[in-house]
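Examination of the molecular architecture
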Amino acid sequence: MHRVEGGGTPGPGGPPCGRNAAGRPRLIVVGTGIAGLYAALLATDAGADVVLLSKGKLRDSNTWYAQGGISAVLDGPAPGDTVAAHIADTLQAGAGHCHEAAVRLMCAEARRDIAGLQRFGVQFDCGSDGGPALGLEAAHSAPRILHAGGDATGAKVAGALIRAVFARQAEGTLTVRTSAHATSLLQQDGKVVGVEFLHHGIRAAVHGDAVLLATGGAGQLFAQTTNPAVATADGLSLAVRAGAEVADLEFFQFHPTCLVSGAGAANAATAPCLDRDPLLISEAVRGEGALLVDGNGKRFMRAYHPDAELAPRDVVSRSIALHLAKLGDSNGHVYLDARAIEAAKGQGFLATRFPTLTERTLAAGIDWTRELVPVAPAAHYWMGGVRTDLHARTTVPGLYAAGEVACTGVQGANRLASNSLLEGLVFGRRAVEDFLSGDRGWDAPRGTDAPRAVSAAAGLPLTHASAPLPRDAESDVTFPAALKGEPAQSSLSESLPASFGGGDDTPFSREALRRLMTAKAGVLRNGVLLGEAAETLGRWDAVVRPGAVPAGGHARDHEDRNLLLAAQLLVAAALARRDSLGAHYRSDDPEEPDTNSLRPKASLLND
């Protein structure tokens, strides 16, 4: 096996501990979304020895595709906006399940990290007065969303950070390894001391004083997702196998409006494959006035929530799914009508405000200034993740987590729009601050700092054995008891999908897993469907053995094991939480009204 030390090329030898020859503390950052890039830059500029690992190119992350922007109350906020209002909106969207201390910290420190981004070359869009242009998005009570390049915020922000990373790499102060697929965390005396990875298919390892996981989410668990192909639950699985606690895995947010490939496009045959490169239609479009209509041209959202198209994401996604079920087409799609925006705000407005969306919809054969855009809910963001405290510490010494892979408690049961990039910034920085403080005591997460340590109403702890598995272990991880339990009973009254396109003997494949999760653990859930999912996942588990960490192998095989492990944990959490809360909707919840009316959320109508 090769070892990567400092800025050198992979090779044998080197000091056994994490520090380089100069004695600088070494931080290994896994993942190159906003949390990983920002943290790597901060740590490098503070004098740490940083090794940055990316499983693909540096741009391969959810951050690159983010359109909505970054929420922050600046020194010069919009009229009437305050940090307290941002806190209140976040807590409201989180459905009473947020860790309030984490929310207060994030919102209060937001402006500090916006300034940090600007220091690394990020340029935000300006308004007519020369100040930052602040946008309004669903469930925010005031305009506080910063954009860069209109709807290309993620690419613009990530691009600037990547340029800063390359500059430091050229100076020799930061080590970057692309095509480096992390396969296991190295541990010594219960502490994480490094990462083993496949580098262009060759086993390699790097040792350090601590590891920061910033690997993003797991949208590839579902058949339709806004996430790129790299989102395969790698960081979560690495942490679980190392003994880390996870929390709130039942809460997976589905973006309500993802372009449906080929549906209604005039030249669908020549359109690019959206299955490989999905297109999210930002809720900022609905914020500008776009409406949702069904195949009959009827607007339907007012029948499900008083805020209609401006309701929170989980509400809009669920409303679309319920409406399609009522129409007898659960696997169908609805339409986004943006034509009125162009008519009201002038010719060319959509192209100026949403240049990327305009280009991509045209490439898909749709002129959205004149035509309806076919959309359906798609897996978008995982509120749950590796449990962390206010310093981004996990429950395993030496292991930090930030961004979507982490569960800080900020997002609660339903993420507020444009808070995800902010969370990655704030807690990525806080991980670096804690690392640089030199405190290596790593007490168990403090009760006042930690978000919920359990994932379900029944108190199911998603805590695995503290002893790490050997890297070449042949045995599986011991999963929560709910994975072995009997399917819950349901008095389901409405018609929901009962099949994922295969029988009980369907062999494991990534495609079969994604179909299963979409049909039985997606937007609409109940005990019967979840129980069937758990049974199938358990059968696949005996063959795929997701808890084992084989030496070498193909990167896709590791991804498949990670996805299966993450699916089992998600389904276990969803089974254990029998009530509906936030993005987790149980149609067999005895307290859920028959009318499918949804809990009130923050409104934009008063703004």
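In short, a report on the structure.

Reading the values: rules and limits
- Residues numbered from 1 in each chain as written.
- Predicted model: local features only at pLDDT ≥ 70, side-chain atom pairs only at ≥ 80, totals over all residues.
- Heavy atoms only, no water.
- Salt bridge = Lys/Arg side-chain N within 4 Å of Asp/Glu carboxyl O.
- Helix = DSSP H or I, 4+ residues; strand = E, 2+ residues; numbered from the N terminus.
- Buried < 20%, exposed > 50% of the residue type's maximum accessible area, 1.4 Å probe, protein only.
- Phe/Tyr/Trp six-rings, centres within 6.5 Å; stacked < 30°, edge-to-face > 60°.
- Lys NZ or Arg CZ within 6 Å of the ring centre and 35° of its normal.
- Axes fitted to C-alpha atoms, helices over the stretch in contact; angles between N-to-C directions.
- Parallel < 35°, antiparallel > 145°, perpendicular 65-115°, else oblique.
- Left-handed = near helix turned anticlockwise from the far one by under 90°.
- Contact = heavy atoms within 4.5 Å.
- Nonpolar A, V, L, I, M, F, W, Y, C, P; charged D, E, K, R; others polar.
- Core = buried A, V, L, I, M, F, W, Y, C linked by side-chain atoms within 4.5 Å.
- Expected span 1.5 Å × (residues − 1).
- Bend = angle between axes of the 7 residues up to and from the residue.

Points about the pattern of salt bridges
For the structure shown, the criterion picks out 30 salt bridges. Residue lysine 345 is joined to glutamate 288 by a salt bridge in which the shortest nitrogen-to-oxygen separation is 2.4 Å. Remark: glutamate 288 occurs in the loop between helix H7 (283-287) and strand S14 (291-293) and lysine 345 occurs in helix H9 (residues 339-345); sequence separation between them is 57 residues. Taking the relative accessible area as the measure of exposure, lysine 345 reaches 42% and is therefore partly exposed. We note a salt bridge from arginine 586 to aspartate 588, for which the minimum N-O separation is 2.8 Å. By relative accessible area, which is 1% here, arginine 586 ends up buried. Judged by its relative accessible area of 13%, aspartate 588 falls in the buried class. If you follow the salt bridges from partner to partner, you end up with Glu109, Arg112, Asp113, Arg429, Arg430 and Glu433 in one network.

Quick word on the packing of aromatic side chains
Going through the model one piece at a time under the given rule, you end up with eight aromatic pairs. Pairing phenylalanine 508 with tryptophan 540 gives two aromatic rings, centres 5.5 Å apart and planes at 75°, and the pair type is edge-to-face. Placement of the pair is phenylalanine 508 in the loop between helix H12 (420-436) and helix H13 (510-521) and tryptophan 540 in helix H14 (residues 527-544), with a sequence separation of 32 residues. Of the aromatic side chains, those joined through ring pairs into one cluster are Phe222, Phe252, Phe254 and Trp382. When the ring centre of phenylalanine 120 is taken as reference, the NZ or CZ atom of arginine 119 above it lies at 4.5 Å. Sitting over the ring of tyrosine 381, arginine 415 keeps its end group 4.6 Å from the ring centre.

Overview of the packing of H13 against H14
The interhelical angle for the contact between H13 and H14, taken along N-to-C directions, is 160°, at an axis separation of 9 Å. In terms of their interaxial angle, H13 and H14 are classed as roughly antiparallel. The handedness of the crossing between H13 and H14 is left-handed. For the pair H13 and H14, the contacting residues are Ala512, Leu513, Leu516, Met517, Ala519, Lys520 and Ala521 in the first and Leu529, Leu530, Glu532, Ala533, Thr536, Leu537 and Trp540 in the second. Split by residue class, the contact of H13 with H14 holds eleven nonpolar, one polar and two charged.

Description of the nonpolar core
Grouped together as the largest cluster of nonpolar side chains are 91 residues, with contacts concentrated most on Leu213, Leu221 and Val285. In terms of residue count, helix H15 (residues 555-576) provides more of this core than any other element does, eleven residues in total. When residues no more than four places from it in sequence are discounted, the contact partners of leucine 221 are Phe252, Trp382, Leu513, Arg514, Met517, Leu563, Ala566, Ala567 and Leu570. Counting 62 residues, the second largest nonpolar core, distinct from the first, contains Ala66, Leu74, Cys98 and Ala164.

Brief notes about helix H4 (residues 100-119)
Taking 1.5 Å as the rise per residue, H4 with 20 residues should run 28 Å; its terminal C-alpha atoms sit 29 Å apart, in good agreement. Maximal helix bending in H4 amounts to about 50°, located at alanine 110. The complete set of buried residues in H4 reads Ala102, Val103, Leu105, Met106, Cys107, Glu109, Ala110, Asp113, Ile114, Gly116 and Leu117. The inward-facing, buried residues of H4 contact helix H1 (34-45), strand S4 (70-71), helix H3 (83-93), strand S6 (145-146), helix H5 (153-171) and H12. Looking at the residues trailing H4, positive phi occurs at glycine 121, about 100°.

Read these as spatial facts, not as claims about activity.
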